[in-house]
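Observations on the three-dimensional arrangement
Each chain, written out:
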Amino acid sequence: MLSFSFPVRSAKASARQRYTGLTRTGALVLVVMSLSACAPAVDVDPAPNANDPSCADTMVILPDEVSGHERRDTNSQATAVWGDPAAIVLRCGVASPSRVTTDPCVTANGVDWIAREGETAWTLTTFGRTPATEVLFDPLEVPSSNVLPELAAAVQANPAETECLSTEQETNLP
């Protein structure tokens, strides 16, 4: 004849084991959920004056989406990125462009931008605001007609001190 013996536990010990098991399971579920929700932060070099209080004013009202691209976390102060892979990169705290420049100046929703065409991306830097904000994007992927108006409200948190004076050079941004 076979005989089985089961350890006898008090109801109090059994409840404590169930509670401890549930606590461990709950903690594990929370850790897994938080890790699965985290995407790595995008590595962006901060601008030299990223700690300027005007940048904080701009950063807190940046949109969650620009031109259909969702905002992602970055690892630097006063930076923002939209898209995966990054389609639009913003850095606040860059040096203000010279008041005398041969680069074209464009105005979008009350914000003047100096436009510089690069090999793979355009760089638009706010004009007349200190510190300046720059936005980099590939115009073949993201039209400036979407980017600049969608960022205008945030950039205007840093008031303009001056504006572009000449409209002799017209530039049609993509």
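Owing to the predicted nature of the structure, the values given are computational and were not obtained by experimental measurement. (Residues numbered from 1 in each chain as written. Predicted model: local features only at pLDDT ≥ 70, side-chain atom pairs only at ≥ 80, totals over all residues. Heavy atoms only, no water.)

Focus: the overall build of the chain
When you go through the chain residue by residue, the secondary structure sums to three helices and eight strands. Taken from the N to the C terminus, the helices and strands of the chain come in the order α-α-β-β-β-β-β-β-β-β-α. When each of the 174 residues of the chain is scored for burial, the buried share is 36%. Of the contacts formed within the chain by residues at least 6 apart in sequence, a portion of 59% connects residues at least 24 apart. When the accessible surface of the chain is split by element, carbon and sulfur atoms take 54% of a total near 11100 Å². (Helix = DSSP H or I, 4+ residues; strand = E, 2+ residues; numbered from the N terminus. Buried < 20%, exposed > 50% of the residue type's maximum accessible area, 1.4 Å probe, protein only. Contact = heavy atoms within 4.5 Å. Areas by Shrake-Rupley, 256 points an atom, 1.4 Å probe, with all protein chains shown as cover.)

Quick look at a negative patch on the surface
On the surface, Asp 64, Glu 65, Glu 70 and Glu 150 cluster together into a negatively charged patch. Within the secondary structure, Glu 65 is located in strand β1 (residues 65-66). On the basis of relative accessibility, which here comes to 42%, the residue Glu 65 falls in the partly exposed class. (Patch = residues over 30% accessible without salt bridge, like charges linked within 9 Å, V, L, I, M, F, W, Y side chains within 5 Å. Salt bridge = Lys/Arg side-chain N within 4 Å of Asp/Glu carboxyl O. Lys, Arg positive; Asp, Glu negative; His and termini not counted. Charge placed at Lys NZ, Arg CZ, Asp CG, Glu CD.)

Remarks on helix α3 (residues 144-155)
Of the residues making up α3, those classed as buried are Ser 144, Val 147, Leu 148, Leu 151, Ala 152, Ala 154 and Val 155. Buried positions in α3, seen along its axis, are confined to an arc of 165° and lie on one side of it. Relative to its buried face, α3 has exposed residues pointing more than 90 degrees away, namely Ser 145 and Ala 153. (Arc of directions from axis to C-beta.)

Quick word on the pattern of salt bridges
Applying the stated criterion across every chain yields a total of three salt bridges. Linking Arg 72 and Asp 84 is a salt bridge whose minimum nitrogen-to-oxygen distance equals 3.4 Å. With Arg 72 in strand β2 (residues 69-72) and Asp 84 in the loop between β3 (79-82) and β4 (88-94), this residue pair connects regions lying 12 residues apart in the sequence. Taking relative accessible area as the criterion, Asp 84 reaches 66% and is therefore assigned exposed.

Considering the sheet that holds β4
One key point about sheets: their strands pair by backbone hydrogen bonds, in either a parallel or an antiparallel sense. Spatial ordering of the open sheet is given by β1-β2-β3-β4-β8-β7-β6-β5, a layout of eight strands whose pairing is antiparallel. Looking along the sheet, the strands with just one partner apiece sit at the ends: β1 and β5 (105-108). (Pairing = 2+ DSSP bridges.)

Thoughts on the pairing of β5
Where β5 lies against strand β6 (residues 111-117), four bridges are found, and the strand directions are antiparallel. Looking at β6, one finds that Ala 108 is bridged to Val 111. From the end of β5 to the start of β6, which pair antiparallel, there are two residues, and Asn 109 there has a positive phi angle of about 55°.

Concerning the nonpolar core
With 28 residues, the main nonpolar core has Ile 88 and Trp 113 as its most contacted residues. Elements represented by at least two residues in this core include exactly α2 (53-59), β3, β4, β5, β6, β7 (122-126), β8 (132-137) and α3. Take this core: its biggest share by element is six residues, from α3. Apart from residues lying up to four places away in sequence, Trp 113 is in contact with Pro 104, Cys 105, Val 106, Ala 108, Leu 124, Thr 125, Thr 126, Phe 127, Thr 133, Val 135, Leu 148 and Val 155. (Core = buried A, V, L, I, M, F, W, Y, C linked by side-chain atoms within 4.5 Å.)

Here's the deal with the confidence of the model for the chain
Residue-level pLDDT values for the chain average 80, and 72% of them are 70 or greater. Counting interchain partners and residues more than four positions distant, the pLDDT-below-50 stretch residues 1-10 has one contact. Low confidence marks residues 18-36, where pLDDT is under 50. Its contacts with residues over four positions away, or in another chain, come to zero contacts. (pLDDT = per-residue confidence, 0-100.)

With respect to unusual backbone geometry
Residue Pro 85 follows Asp 84 across a cis peptide bond; omega there is 5°. Take Pro 85: it is sitting in the loop between β3 and β4. Cis geometry marks the peptide bond from Thr 130 to Pro 131, where omega comes out at -5°. Following the sequence through the fold, Pro 131 ends up in the loop between β7 and β8. Phi is positive for Ser 67, which is not a glycine, with a value near 50°. Following the sequence through the fold, Ser 67 ends up in the loop between β1 and β2. Phi is positive for Asn 109, which is not a glycine, with a value near 55°. Position of Asn 109 among the secondary structure elements: in the loop between β5 and β6.

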